Amino acid sequence: MSHFRFIHTADIHLGSLLHIDSPDQEMAAYAREAVYDAFERLCIGAIDQGVDFLLLAGDLYDSDSKNVFANQFFIQMCRMLGDRGINLYVIAGNHDPLNKQWEYFKLPDNVFVFPADKHQVYKIKREGQTLARLVGQSYKTKWVSKPVYEEFDMPGDGIFNIAMLHTQLDPSDKKYTPATATQLMKNPHIHYWALGHVHKPEIVNSQGPVIAYPGIPQGRDFGEQGLGGAYLVEVDRSGNASMTYMVTSPVIYTSIEIDISSEDLRAAGSLDELEDYILDRARGLAAFEANKLLVDLPAITSKGGSQDTQGYVVRWIIRGRGELHKLLRDLSDDAESDLAQGLRKRLSGLSPFVWTDSIQIRTAMPITKDILSDHSRIIDMLDQTMAALLQDEEEANSLKAKMGGLWTSHEDPEDKDDLKFYLDDETFKVMGQHAKQLILEKLIDGVGE
C-alpha cells in the first residue's frame with residue numbers, strides 16, 4: 001500500500017443557523033456565519049495538512065435552509081481545494097437527498113457525487129498509482145430503509161478500501177440505512193468506514209476495520225455541544241490508519257455547572273457573590289473549558305482548540321446544597337431569565353465572547369445533622385423509592401406512562417415533534433430529585449403532613 005492522507009467529514013449543514021436568541025447584530029452575525037466559517041477552516045486545514053482527498057459523508061446542505069449562497073460558497077471552497085489538487089468525494093444524506101435540486105451551479109471537476117440508484121466505486125490515484133478505492137451510495141429521498149452496504153463488494157488485493165455510509169448504526173431504524181457495527185465489520189475487504197449522520201465524533205471501532213463518525217464541524221444548539229471538527233486520517237504503507245481530530249468550530253456550545261456547596265460559594269449569602277463567581281468562570285472559560293473539551297475528544301491527538309475559538313454559548317446549571325438555595329428558592333418565576341440577562345450585560349465585550357443562553361437553577365437545601373436526625377426514616381424511604389424507580393425498568397415505565405401525552409421516550413433528532421418533550425433517563429432522574437427535594441422542603445417548613 002501507499003502512504004496517503006485524507007480528511008473524513010460529514011454533516012456540514014450549510015445554510016443552517018446557530019440557535020442564538022439575541023437582538024445584538026454581532027451575535028446575529030456569528031449565528032449566520034459560523035457554519036460557513038467551520039467548513040472554510042476545514043478546507044484550509046486540508047490544504048495545510050497536504051491531504052490527497054476529502055470525504056464528505058452526507059448532509060452537506062441543510063434541508064430547510066439550502067440556498068444559492070450556500071451552493072456558491074461550497075463551489076468556492078471546492079475550487080480552492082482543486083487549485084491544490086485535492087478532490088472531494090460526496091454522498092448525499094437525508095438532509096440533501098438527490099431527488100431534490102442538489103446544485104444550482106455546475107460543480108468543479110474535482111467534486112464527485114455518488115449516485116443514489118446504485119453504489120459506485122472510485123479509484124484514488126496519485127502519479128498513476130492507485131492509493132485507495134472509495135465505495136458509496138447517496139440518499140435518493142429523505143429516508144433510505146435499504147441496507148445498501150450489503151452490496152459494497154470490494155476486492156482484497158492490497159489496495160486500501162474505504163466505504164462511505166450515512167447511517168444511525170441502529171438495526172431497528174428504518175429511516176437512515178439500518179446497520180450495526182458488527183454487520184459492517186463482516187465485510188472482509190473494507191479497511192475504513194467513513195460514516196455520517198451522528199453529530200458527535202466517535203470512533204466506533206479502531207482496528208480491523210476503522211468505523212468512525214467525525215461529528216459536526218460546527219454545533220448549532222445544545223444538542224451539539226463541544227468542539228466540532230473532522231478526522232485527519234493518515235494511512236501508512238502497511239495499511240494502518242492513524243487519526244487526528246481537527247477542530248474547526250469557531251463557536252462552542254457548552255453547559256457549565258456551578259456548585260453552591262463548593263468552597264468558594266458555601267458561605268455566600270447574596271446573589272452578588274454568585275454572579276461574581278460565574279463572571280470569574282466566564283472570564284477563564286477559553287482556557288478552562290476548551291482544554292477540558294480537548295481531553296474528552298475521542299481521538300489520540302487533536303489540532304486546533306481555544307486559540308481559534310471566537311466564542312462560547314453557555315448554559316449555566318446551578319447545582320448543589322448550600323445557603324444560597326434558600327435565596328434562589330424564593331425568587332420569582334422570571335428569576336432565571338433576569339439573571340441571564342444581567343450576565344449578558346456584564347460579559348459583553350469579552351474576547352472570545354461568552355454569551356449566556358440560559359441559567360438553570362437545580363439547587364437543594366443543605367442537609368444538616370438535625371434534619372437527618374428528625375427525618376431519617378422519611379429520607380431513607382425517599383432514597384429507596386428513587387433507587388427502585390431508577391433500577392426497576394417496569395416501575396419506571398409505569399410512572400412515565402402516567403405522566404401524560406406531552407412526554408415521549410423516543411426522540412428522532414432528525415424529525416423532532418415540537419409538541420412533545422423528550423423524557424430521557426437523565427431528565428427522569430432530575431425530575432425525581434426535584435420531587436424528593438420538594439417533599440423534604442415541605443416537611444422542614446412544617447407544611448407537609
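Residues numbered from 1 in each chain as written. Predicted model: local features only at pLDDT ≥ 70, side-chain atom pairs only at ≥ 80, totals over all residues. Heavy atoms only, no water.

Comments concerning the pairing of strand S10 (residues 210–213)
- Of the two faces of S10, both are covered, the one formed by Val210 and Ala212 as well as the one formed by Ile211 and Tyr213.
- Relative to S10, strand S8 (residues 192–196) is paired through 3 bridges, and the arrangement is parallel. By the bridge assignment, Trp193 is partnered in S10 with Ile211.
- Strand direction decides the pairing type here: strand S9 (residues 202–205) and S10, joined by 3 bridges, are antiparallel. The partner of Glu202 across the bridge, within S10, is Tyr213.
- Hairpin connection from S9 to S10: 4 residues lie between these consecutive antiparallel strands, with Gly208 at a positive phi of about 55 degrees. (Buried < 20%, exposed > 50% of the residue type's maximum accessible area, 1.4 Å probe, protein only. Helix = DSSP H or I, 4+ residues; strand = E, 2+ residues; numbered from the N terminus. Pairing = 2+ DSSP bridges.)

Focus: a negative patch on the surface
- On the surface, a cluster of negative charge is contributed by Asp392, Glu393, Glu394 and Glu395.
- Secondary-structure assignment places Asp392 in the loop between helix H9 (376–391) and helix H10 (393–401). (Patch = residues over 30% accessible without salt bridge, like charges linked within 9 Å, V, L, I, M, F, W, Y side chains within 5 Å. Areas by Shrake-Rupley, 256 points an atom, 1.4 Å probe, with all protein chains shown as cover. Salt bridge = Lys/Arg side-chain N within 4 Å of Asp/Glu carboxyl O. Lys, Arg positive; Asp, Glu negative; His and termini not counted. Charge placed at Lys NZ, Arg CZ, Asp CG, Glu CD.)

Some points on the sheet that holds strand S13 (residues 251–259)
- An order of S13-S15-S16 is seen for the 3 strands of this open sheet, with the pairing classed as parallel. Two strands bound the open sheet, and with one partner strand each, they are S13 and strand S16 (353–364). Averaged over neighbouring strand pairs, the angle between their axes works out to 15 degrees when direction is ignored.
- Where strand S15 (residues 311–321) lies against S16, 11 bridges are found, and the strand directions are parallel. By the bridge assignment, Ile317 is partnered in S16 with Gln360.
- Across the sheet, helix H7 (residues 335–347) lies against S15 and S16, angled at about 145 degrees from S16, the strand it touches most. (Axes fitted to C-alpha atoms, helices over the stretch in contact; angles between N-to-C directions. Contact = heavy atoms within 4.5 Å.)

Regarding the pattern of salt bridges
- Under the definition given, this model contains 14 salt bridges.
- Note that Arg126 is salt-bridged to Asp52, the shortest N-O span being 3.0 Å. Taken together, the residues span a long stretch of sequence, with Arg126 in strand S5 (residues 120–126) and Asp52 in the loop between helix H1 (25–48) and strand S2 (53–57) at a distance of 74 residues.
- The residue Asp330 makes a salt bridge to Arg329 at a minimum N-O spacing of 3.7 Å.
- Connected via shared salt-bridge partners are Asp62, Arg220 and Glu224.

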